[in-house]
Amino acid sequence: MFRTAAVIACAAAGVLTLAACSSGADAAVEVPAMPAASGGSDAHAALLRLGMVDAPGEAGFVASQMAFATKSVYGQAVYDTLVRATAANKLEAGLATGWEYDETSTVLTMRLRTDVRFSDGAPFTADAAVQNLLRFRDGGSQNAYWLASVADVVALDESTIQLTLSAPDPVLLLQLSRSAGYMESPASFEDPAPVGTGPYLLDAEASVADETYVYVANPEYWAPEFQHYDRIEMSVFEEPEPLMAAFLENRLDAGLYNGYDGFEQIEGAGYTANDFMLDWTGLLLYDRAGEVNPALADVNVRRAINFAFDREGMLATLNGGRGEVTTQIFGIHTDGYNGALDTVYDYNPEKARDLLVKAGYPEGFELEMPSVSWIPAAVFESMAAQLADIGITVVYTDEPDYIAAITQPRYAAVSFQLEQPATPWETYVNALFPGVAEAGVGPAPWNPFGSTDPFIERIVAKFQAGDPGAAKELNNYMVDQAWFAPFYRNLSVFYTGGSTAATLQVGNAYPALWNIVPTGA
């Protein structure tokens, strides 16, 4: 089941532009190239030193397997996308100069630039675009499901491609502005070195895997207005402490900070805090059918877990008060958000115990969950203590490869800090999409058991019909059924030094690379 309607993009995903919402003959879109990013000087700066909280991953720079989110700038440095998105997710021309849907919103025709070459000298063509799209759809990226609705892609001529969808997809164009739209030279598909049409070239000799990635400006880049630096050094910090030290020692010009303290010190070192609400912290109650832990199949158990947590206290002690409590996973900037849902599960351990009795667990039960060193031990200790107070005994298993462990159907519940995407439909496909077994399409990464039910499918059908209330109805149902146990929305921060400015990207942890600019100071 992956059925959508183009009208949803307008009704429920307000950040998309008319180009993404329209269909039929009137939807023909010829879009101008994006203007140069504002806030910086026109001339290149010599160097940008960027702090990264993730390495590219085992797949490295293979475009068909690259992720986005905290890894987005790795790909944006070397690969262009078919569509570009402004900081507010307005869609603009990229390697595609225009596009249109047919009247059914299931056939998308895109016109491509004819003056662009890959860094190996090969021309960018419709055939190259076709190969890249199909490879991403069928590849190993954790975001491959972004193209799950794409049944086929063909080249109509050297500069035109046509995508046929199994059903309308309201956010497809937005996904083509992300890693799903990365274009790599087909001649390099078997080469781990990235060969794209992007603004920079990876300097492999100067780079150290999982530590530092060095890029130099591509002298043949077709859109030099998006190149702001001669050289970029992206340094990986696996844990917050060395990242904080790099800021305090002024070894970075910009970077996302994922620490739990030290904010005043970093700002005292001369950095500007660019704050935003993107993620929520809490429990993902994966096992809604009780496959691993039968207790989780009972909604009263899941509600009990929600009532067990003192969210205000956790926000203050674990996150320094930086954020706001919530019991919903839909972001405040989406049409699915309902302010009343932020306090549905106020702290009430007595009620939690009563719910466990009602579910048939008067003595509680044991719950295995994963842990990892880069999340402070206090987080795991706090959760275990509060669940123990209502009778649930948490047993932690150390998982050094935490992300791999929590995206498999292994644990009934996991603790994580998960994004709240720019649109409500993305929230569905990231955290709720159950997969399409008959098509060989797996579930969303944050729904590894593939949970769904008839009620959700009916709500999805309302999305198909363009019901403007569908997003809120889905959110209400998720909270009522306690599929998650959010604690709070996190106040995240992207720091910039005195000679650097950044425009934050709605719905992503990192600004687009071209929106990180020198100030000329």
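Above this note sits the structure.
Scope of this entry: the structure provided in the associated data block. Just so we're clear, the structure is a prediction, and the values are computed from it rather than from any experiment. (Residues numbered from 1 in each chain as written. Predicted model: local features only at pLDDT ≥ 70, side-chain atom pairs only at ≥ 80, totals over all residues. Heavy atoms only, no water.)

1. Remarks on helix α11 (residues 377–389)
Turning to step 1, where the next piece is worked out: If you check α11, its first and last C-alpha atoms are 18 Å apart, about what 13 residues at 1.5 Å a residue would give, namely 18 Å.
Turning to step 2, where the next piece is worked out: Val379, Phe380, Ser382, Met383, Ala384, Gln386 and Leu387 are the residues of α11 that are buried.
Turning to step 3, where the next piece is worked out: Phi for Gly391, located one or two positions after α11, is positive at around 110°. (Helix = DSSP H or I, 4+ residues; strand = E, 2+ residues; numbered from the N terminus. Expected span 1.5 Å × (residues − 1). Buried < 20%, exposed > 50% of the residue type's maximum accessible area, 1.4 Å probe, protein only.)

2. Focus on the pattern of salt bridges
Turning to step 1, where the next piece is worked out: Following the criterion strictly, the structure yields 16 salt bridges and no others.
Turning to step 2, where the next piece is worked out: Linking Asp80 and Arg84 is a salt bridge whose minimum nitrogen-to-oxygen distance equals 3.5 Å. For the pair shown, Asp80 and Arg84 are each scored as buried.
Turning to step 3, where the next piece is worked out: A salt bridge links Glu233 to Arg231; its shortest N-O distance comes to 3.1 Å.
Turning to step 4, where the next piece is worked out: Judged by its relative accessible area of 29%, Arg231 falls in the partly exposed class.
Turning to step 5, where the next piece is worked out: What emerges from the salt-bridge pattern is a single network uniting Glu324, Asp342 and Arg489. (Salt bridge = Lys/Arg side-chain N within 4 Å of Asp/Glu carboxyl O.)

3. A look at the nonpolar core
Turning to step 1, where the next piece is worked out: Within the largest apolar cluster, 154 residues are counted, with the highest numbers of intra-cluster contacts made by Leu82, Met110 and Met234.
Turning to step 2, where the next piece is worked out: The greatest single-element share of this core, amounting to seven residues, is contributed by strand β18 (residues 484–496).
Turning to step 3, where the next piece is worked out: Residues in contact with Leu82, not counting those within four places in the same chain, are Gly94, Leu95, Ala96, Met110, Leu112, Phe124, Ala129, Leu133, Ile161, Leu176, Gly181 and Met183.
Turning to step 4, where the next piece is worked out: By size, the runner-up hydrophobic cluster in this structure holds five residues, among which are Tyr221, Ala223, Phe226 and Ala512. (Core = buried A, V, L, I, M, F, W, Y, C linked by side-chain atoms within 4.5 Å. Contact = heavy atoms within 4.5 Å.)

4. Topic: the pairing of strand β13 (residues 272–284)
Turning to step 1, where the next piece is worked out: In terms of strand pairing, β13 meets β18 through eleven bridges, oriented antiparallel. Bridge pairing links Ala273 to Tyr495 in β18.
Turning to step 2, where the next piece is worked out: Judged from the six bridges that link them, β13 and strand β17 (residues 414–419) form a sheet pairing that is antiparallel. Looking at β17, one finds that Leu283 is bridged to Ser415. (Pairing = 2+ DSSP bridges.)

5. As for the packing of aromatic side chains
Turning to step 1, where the next piece is worked out: The final tally for this structure, using the stated rule, is 28 aromatic pairs.
Turning to step 2, where the next piece is worked out: With 5.8 Å between their ring centres and 75° between their planes, Phe494 and Tyr510 make a pair best called edge-to-face. In this pair, Phe494 sits in strand β18 while Tyr510 sits in the loop between β19 (500–502) and β20 (516–518), placing the two residues 16 residues apart along the sequence.
Turning to step 3, where the next piece is worked out: Among the residues examined, Phe494 registers a relative accessible area of 0% and is labelled buried.
Turning to step 4, where the next piece is worked out: Residue Tyr510 is classed as buried on the basis of its relative accessible area, which comes to 0%.
Turning to step 5, where the next piece is worked out: It is Arg288 that lies over the ring of Phe484; its NZ or CZ is 4.9 Å from the centre.
Turning to step 6, where the next piece is worked out: When the ring centre of Phe263 is taken as origin, the NZ or CZ atom of Arg322, which lies over that ring, is 3.6 Å away. (Phe/Tyr/Trp six-rings, centres within 6.5 Å; stacked < 30°, edge-to-face > 60°. Lys NZ or Arg CZ within 6 Å of the ring centre and 35° of its normal.)

6. Quick word on helix α8 (residues 299–307)
Turning to step 1, where the next piece is worked out: Burial analysis of α8 places eight of its nine residues in the buried class, the great majority of the element.
Turning to step 2, where the next piece is worked out: Listing the buried residues of α8 in full gives Val299, Asn300, Val301, Arg302, Ala304, Ile305, Asn306 and Phe307.
Turning to step 3, where the next piece is worked out: Two or three places before Asn300, at the start of α8, stands the capping residue Asp298, its side-chain oxygen 2.8 Å from that residue's backbone nitrogen. (Polar contact = N/O pair within 3.5 Å; in protein donor to acceptor, adjacent residues only side chain to side chain.)

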